[in-house]
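Secondary and tertiary structure notes
Chain by chain, the residues run as shown.
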Amino acid sequence: MISRVVASIIQRLGRKGYSLDPYLSRMDIFIIISRKTREVIRGLLLKPFLGKSKGILFVGADVKIRHKKKLFLKGTTFIGDHVEINALSKSGIVIGSNFSIHRNSIIDCTGVIRNLGEGLIIGDNVGFAQNCFIQVRGHVKVGNNVLFGPNVSIFSENHNFESPDLPISVQGETRKGVSIEDGVWIGSGAIILDGVVIGRNSIIAAGSVVNNNIPANTIYGGLPAKLIKNRT
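Residues numbered from 1 in each chain as written. Predicted model: local features only at pLDDT ≥ 70, side-chain atom pairs only at ≥ 80, totals over all residues. Heavy atoms only, no water.

Notes on the sheet that holds strand β15 (residues 153-154)
Strand order in the open sheet formed by 7 strands is β3-β6-β9-β12-β15-β20-β23, with parallel pairing between adjacent strands. Every interior strand has two partners, whereas the edge strands, β3 (64-66) and β23 (209-210), have only one. (Pairing = 2+ DSSP bridges. Helix = DSSP H or I, 4+ residues; strand = E, 2+ residues; numbered from the N terminus.)

Structure representation (C-alpha coordinates):
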(Lines give C-alpha, C1' and ligand atoms only; values in the text may rest on other atoms or scores of the structure.)
Protein backbone atom coordinates (compact mmCIF):
# COMPACT_ATOMS: atom_id res chain seq x y z
CA MET A 1 0.00 0.00 0.00
CA ILE A 2 2.70 2.50 1.01
CA SER A 3 4.67 1.66 -2.15
CA ARG A 4 1.68 2.55 -4.32
CA VAL A 5 1.18 5.85 -2.48
CA VAL A 6 4.83 6.85 -2.89
CA ALA A 7 4.83 5.82 -6.56
CA SER A 8 1.64 7.84 -7.14
CA ILE A 9 3.26 10.94 -5.60
CA ILE A 10 6.35 10.53 -7.79
CA GLN A 11 4.16 10.18 -10.88
CA ARG A 12 2.33 13.39 -9.99
CA LEU A 13 5.71 15.12 -9.81
CA GLY A 14 6.16 14.31 -13.50
CA ARG A 15 7.65 10.79 -13.66
CA LYS A 16 4.95 9.05 -15.66
CA GLY A 17 4.69 5.29 -15.16
CA TYR A 18 7.13 5.31 -12.22
CA SER A 19 6.97 2.37 -9.80
CA LEU A 20 9.00 1.26 -6.79
CA ASP A 21 11.11 -1.87 -6.70
CA PRO A 22 9.08 -4.60 -4.91
CA TYR A 23 12.17 -5.57 -2.88
CA LEU A 24 12.05 -2.27 -0.97
CA SER A 25 11.02 -2.91 2.62
CA ARG A 26 8.83 -0.58 4.65
CA MET A 27 11.94 0.47 6.60
CA ASP A 28 13.76 1.27 3.35
CA ILE A 29 10.84 3.41 2.21
CA PHE A 30 10.68 5.16 5.58
CA ILE A 31 14.39 6.03 5.41
CA ILE A 32 13.99 7.36 1.86
CA ILE A 33 10.93 9.44 2.79
CA SER A 34 12.79 10.88 5.80
CA ARG A 35 15.71 11.93 3.61
CA LYS A 36 13.43 13.42 0.95
CA THR A 37 11.54 15.36 3.60
CA ARG A 38 14.77 17.02 4.74
CA GLU A 39 15.62 17.81 1.12
CA VAL A 40 12.19 19.42 0.56
CA ILE A 41 12.62 21.58 3.67
CA ARG A 42 16.01 22.80 2.41
CA GLY A 43 14.36 23.50 -0.96
CA LEU A 44 11.59 25.54 0.63
CA LEU A 45 14.18 27.66 2.44
CA LEU A 46 16.09 28.23 -0.81
CA LYS A 47 13.16 28.96 -3.16
CA PRO A 48 12.59 32.64 -2.18
CA PHE A 49 16.16 33.51 -3.11
CA LEU A 50 16.06 32.05 -6.65
CA GLY A 51 15.14 33.95 -9.81
CA LYS A 52 12.20 31.59 -10.27
CA SER A 53 11.26 28.14 -8.98
CA LYS A 54 8.20 26.10 -9.92
CA GLY A 55 7.41 22.65 -8.62
CA ILE A 56 9.09 20.90 -5.71
CA LEU A 57 12.76 21.58 -5.07
CA PHE A 58 14.83 18.85 -3.37
CA VAL A 59 18.17 20.07 -1.99
CA GLY A 60 20.84 17.78 -0.55
CA ALA A 61 23.36 18.50 2.18
CA ASP A 62 26.16 21.07 1.79
CA VAL A 63 24.85 22.48 -1.51
CA LYS A 64 26.45 25.78 -2.58
CA ILE A 65 24.64 28.08 -5.01
CA ARG A 66 26.13 31.46 -5.88
CA HIS A 67 24.17 34.28 -7.56
CA LYS A 68 20.88 32.55 -6.84
CA LYS A 69 18.75 35.16 -8.60
CA LYS A 70 20.21 34.01 -11.92
CA LEU A 71 18.90 30.46 -11.45
CA PHE A 72 15.45 29.73 -12.96
CA LEU A 73 13.74 26.37 -12.35
CA LYS A 74 10.64 25.44 -14.38
CA GLY A 75 9.59 22.33 -12.49
CA THR A 76 10.54 19.60 -10.05
CA THR A 77 14.29 19.72 -9.40
CA PHE A 78 16.71 17.54 -7.42
CA ILE A 79 20.11 18.93 -6.36
CA GLY A 80 22.30 16.31 -4.69
CA ASP A 81 24.74 16.51 -1.81
CA HIS A 82 27.82 18.75 -2.22
CA VAL A 83 26.70 20.13 -5.58
CA GLU A 84 28.11 23.57 -6.47
CA ILE A 85 26.38 25.98 -8.87
CA ASN A 86 27.77 29.37 -9.83
CA ALA A 87 24.98 30.96 -11.86
CA LEU A 88 26.74 34.28 -12.56
CA SER A 89 26.39 34.75 -16.33
CA LYS A 90 24.84 37.06 -18.92
CA SER A 91 21.59 35.11 -19.32
CA GLY A 92 21.69 32.94 -16.20
CA ILE A 93 20.72 29.27 -15.89
CA VAL A 94 17.29 28.11 -17.07
CA ILE A 95 16.36 24.51 -16.20
CA GLY A 96 13.28 22.53 -17.29
CA SER A 97 11.16 20.15 -15.22
CA ASN A 98 12.28 16.79 -13.81
CA PHE A 99 15.92 17.81 -13.58
CA SER A 100 18.46 16.05 -11.37
CA ILE A 101 22.11 16.71 -10.66
CA HIS A 102 23.86 14.36 -8.28
CA ARG A 103 26.58 14.42 -5.64
CA ASN A 104 29.75 16.50 -6.15
CA SER A 105 28.75 17.85 -9.58
CA ILE A 106 29.66 21.42 -10.53
CA ILE A 107 28.05 24.00 -12.83
CA ASP A 108 30.46 26.92 -13.23
CA CYS A 109 29.20 29.80 -15.36
CA THR A 110 31.93 32.39 -14.84
CA GLY A 111 35.61 32.00 -14.07
CA VAL A 112 36.75 35.64 -14.18
CA ILE A 113 34.53 38.71 -13.87
CA ARG A 114 36.27 40.53 -16.75
CA ASN A 115 34.37 38.21 -19.11
CA LEU A 116 31.16 36.62 -17.85
CA GLY A 117 29.89 33.31 -19.17
CA GLU A 118 27.03 33.43 -21.68
CA GLY A 119 24.48 31.16 -19.98
CA LEU A 120 23.03 27.67 -19.72
CA ILE A 121 19.69 26.25 -20.90
CA ILE A 122 18.61 22.72 -19.91
CA GLY A 123 15.42 21.04 -21.13
CA ASP A 124 13.00 18.64 -19.44
CA ASN A 125 13.86 15.20 -18.03
CA VAL A 126 17.62 15.73 -17.88
CA GLY A 127 19.87 13.94 -15.39
CA PHE A 128 23.52 14.47 -14.45
CA ALA A 129 25.10 11.63 -12.46
CA GLN A 130 27.82 12.10 -9.83
CA ASN A 131 30.96 14.23 -10.32
CA CYS A 132 29.95 15.98 -13.55
CA PHE A 133 31.56 19.30 -14.50
CA ILE A 134 29.74 21.80 -16.73
CA GLN A 135 31.85 24.80 -17.69
CA VAL A 136 29.65 27.59 -19.05
CA ARG A 137 31.75 30.21 -20.83
CA GLY A 138 30.26 30.07 -24.30
CA HIS A 139 26.54 29.33 -24.42
CA VAL A 140 25.64 25.74 -23.43
CA LYS A 141 22.31 24.19 -24.41
CA VAL A 142 21.03 20.75 -23.40
CA GLY A 143 17.81 19.40 -24.93
CA ASN A 144 15.11 17.17 -23.46
CA ASN A 145 15.54 13.60 -22.18
CA VAL A 146 19.34 13.74 -22.01
CA LEU A 147 21.35 11.43 -19.72
CA PHE A 148 24.85 12.12 -18.42
CA GLY A 149 26.89 9.36 -16.77
CA PRO A 150 29.29 10.01 -13.86
CA ASN A 151 32.38 12.18 -14.39
CA VAL A 152 31.20 13.77 -17.66
CA SER A 153 32.83 17.15 -18.44
CA ILE A 154 31.64 19.90 -20.80
CA PHE A 155 33.93 22.75 -21.84
CA SER A 156 32.63 25.75 -23.82
CA GLU A 157 35.79 27.81 -24.16
CA ASN A 158 39.29 27.50 -25.66
CA HIS A 159 42.38 29.58 -24.98
CA ASN A 160 44.02 31.26 -27.95
CA PHE A 161 47.67 30.32 -28.51
CA GLU A 162 48.67 31.73 -31.92
CA SER A 163 51.70 33.63 -30.65
CA PRO A 164 54.53 31.54 -29.17
CA ASP A 165 56.09 34.76 -27.81
CA LEU A 166 53.21 35.58 -25.46
CA PRO A 167 51.86 33.71 -22.45
CA ILE A 168 48.67 31.86 -23.34
CA SER A 169 46.98 33.56 -20.38
CA VAL A 170 47.09 36.97 -22.16
CA GLN A 171 46.03 35.84 -25.66
CA GLY A 172 42.31 35.75 -24.95
CA GLU A 173 39.69 33.07 -25.45
CA THR A 174 37.42 31.66 -28.13
CA ARG A 175 33.85 30.72 -27.23
CA LYS A 176 31.77 28.75 -29.72
CA GLY A 177 29.49 27.05 -27.20
CA VAL A 178 28.14 23.50 -26.91
CA SER A 179 24.75 22.13 -27.98
CA ILE A 180 23.46 18.69 -26.95
CA GLU A 181 20.17 17.83 -28.64
CA ASP A 182 17.19 15.74 -27.44
CA GLY A 183 17.51 12.11 -26.43
CA VAL A 184 21.31 11.96 -26.14
CA TRP A 185 23.10 9.59 -23.74
CA ILE A 186 26.63 10.55 -22.73
CA GLY A 187 28.60 7.76 -21.07
CA SER A 188 30.75 7.93 -17.97
CA GLY A 189 33.93 9.99 -18.16
CA ALA A 190 33.23 11.50 -21.59
CA ILE A 191 34.64 14.96 -22.35
CA ILE A 192 32.73 17.37 -24.62
CA LEU A 193 34.86 20.21 -26.01
CA ASP A 194 33.94 23.71 -27.17
CA GLY A 195 32.18 24.14 -30.50
CA VAL A 196 30.56 20.69 -30.52
CA VAL A 197 26.97 19.91 -31.53
CA ILE A 198 25.74 16.42 -30.57
CA GLY A 199 22.79 15.37 -32.73
CA ARG A 200 19.53 14.02 -31.31
CA ASN A 201 19.28 10.43 -30.06
CA SER A 202 23.03 9.87 -30.28
CA ILE A 203 25.19 7.95 -27.81
CA ILE A 204 28.70 8.91 -26.69
CA ALA A 205 30.66 5.94 -25.34
CA ALA A 206 32.29 6.08 -21.90
CA GLY A 207 35.69 7.76 -21.79
CA SER A 208 35.37 9.46 -25.18
CA VAL A 209 36.73 12.87 -26.10
CA VAL A 210 34.34 14.68 -28.45
CA ASN A 211 35.99 17.46 -30.48
CA ASN A 212 33.77 17.44 -33.59
CA ASN A 213 30.04 17.50 -34.31
CA ILE A 214 28.16 14.22 -33.86
CA PRO A 215 25.38 13.35 -36.36
CA ALA A 216 21.94 12.35 -35.11
CA ASN A 217 21.15 8.68 -34.38
CA THR A 218 24.76 7.54 -34.17
CA ILE A 219 27.10 5.95 -31.62
CA TYR A 220 30.53 7.53 -31.27
CA GLY A 221 33.46 6.56 -29.06
CA GLY A 222 37.20 6.84 -28.65
CA LEU A 223 39.95 9.40 -28.33
CA PRO A 224 39.01 11.42 -30.28
CA ALA A 225 35.49 10.08 -30.76
CA LYS A 226 34.84 8.30 -34.06
CA LEU A 227 31.78 6.61 -35.57
CA ILE A 228 31.09 3.15 -34.10
CA LYS A 229 27.72 2.51 -35.72
CA ASN A 230 24.50 4.12 -36.89
CA ARG A 231 21.45 3.57 -34.70
CA THR A 232 19.18 3.52 -37.76
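Some details on the pattern of salt bridges
Counting across every chain of the model gives 8 salt bridges. A salt bridge links Asp81 to Arg103; the shortest N-O distance between them is 3.0 Å. In this pair, Asp81 sits in the loop between β5 (77-79) and β6 (84-86) while Arg103 sits in the loop between β8 (99-101) and β9 (106-108), placing the two residues 22 residues apart along the sequence. Relative accessible area serves as the criterion here: at 23%, Asp81 is assigned to the partly exposed category. (Salt bridge = Lys/Arg side-chain N within 4 Å of Asp/Glu carboxyl O. Buried < 20%, exposed > 50% of the residue type's maximum accessible area, 1.4 Å probe, protein only.)

A look at the nonpolar core
For soluble globular proteins, the rule of thumb is that nonpolar side chains tend to be buried together. In this structure, Ile93, Ile107, Phe128, Phe148, Ile180, Ile186 and Ile198 are the most contacted members of the largest nonpolar core, which totals 43 residues. Every element with two or more residues in this core is listed here: β2 (57-59), β4 (71-73), β7 (93-95), β8, β10 (120-122), β13 (140-142) and β18 (178-180). Contact partners of Ile180, with chain neighbours within four places excluded, come to Lys141, Val142, Gly143, Val146, Phe148, Ile154, Ile186 and Ile198. (Core = buried A, V, L, I, M, F, W, Y, C linked by side-chain atoms within 4.5 Å. Contact = heavy atoms within 4.5 Å.)

Structural notes on the sheet that holds strand β19 (residues 185-186)
Strand order in the open sheet formed by 9 strands is β2-β5-β8-β11-β14-β19-β22-β24-β25, with mixed pairing between adjacent strands. At either end of the open sheet lies a strand with only one pairing partner, and these are β2 and β25 (226-230). Sheet topology places strand β22 (residues 203-204) next to strand β24 (residues 218-221); 2 bridges connect them, and they run parallel. Paired with Ile204 across the two strands is Tyr220, which belongs to β24. On the sheet, helix α2 (residues 26-46) packs against β2 and β5 and is oriented at approximately 110 degrees with respect to β2. (Axes fitted to C-alpha atoms, helices over the stretch in contact; angles between N-to-C directions.)

Some points on the environment of Ile191
With respect to the helices and strands, Ile191 occurs in strand β20 (residues 191-192). By relative accessible area, Ile191 is classed as partly exposed at 29%. Here the alpha-carbon distance between Ile191 and Ile122, two residues 69 residues apart in the chain, equals 18 Å. Excluding residues that lie within four positions of it along the chain, Ile191 makes contacts with Ser153, Phe155, Ser208, Val209 and Val210.

A few points about the packing of aromatic side chains
Following the criterion strictly, the structure yields 3 aromatic pairs and no others. Consider the rings of Phe99 and Phe128, whose centres lie 6.0 Å apart with planes at 70 degrees: the pair is edge-to-face. In this pair, Phe99 sits in strand β8 while Phe128 sits in strand β11 (residues 127-128), placing the two residues 29 residues apart along the sequence. The exposure classification of Phe99 matches that of Phe128, with both residues buried. Consider the rings of Phe128 and Phe148, whose centres lie 4.0 Å apart with planes at 10 degrees: the pair is stacked. Within this pair, whereas Phe128 is found in strand β11, its partner Phe148 is found in strand β14 (residues 147-148), the two being separated by 20 residues in sequence. On the basis of relative accessible area, Phe128 is assigned to the buried category, the value being 3%. What makes Phe148 buried here is its relative accessible area of 4%. An aromatic cluster of three or more residues is present, and its members are Phe99, Phe128 and Phe148. (Phe/Tyr/Trp six-rings, centres within 6.5 Å; stacked < 30°, edge-to-face > 60°.)

A word on the pairing of β24
Covered by surrounding structure in β24 are Thr218 and Tyr220 together with Ile219 and Gly221, the residues of both alternating faces. In the sheet, β24 pairs with β25 via 4 bridges, with the strands oriented antiparallel. Pairing of Ile219 across the sheet is with Lys229, part of β25. Linking β24 back to β25 in an antiparallel pair, the connection comprises 4 residues, with Gly222 at a positive phi of about 115 degrees.

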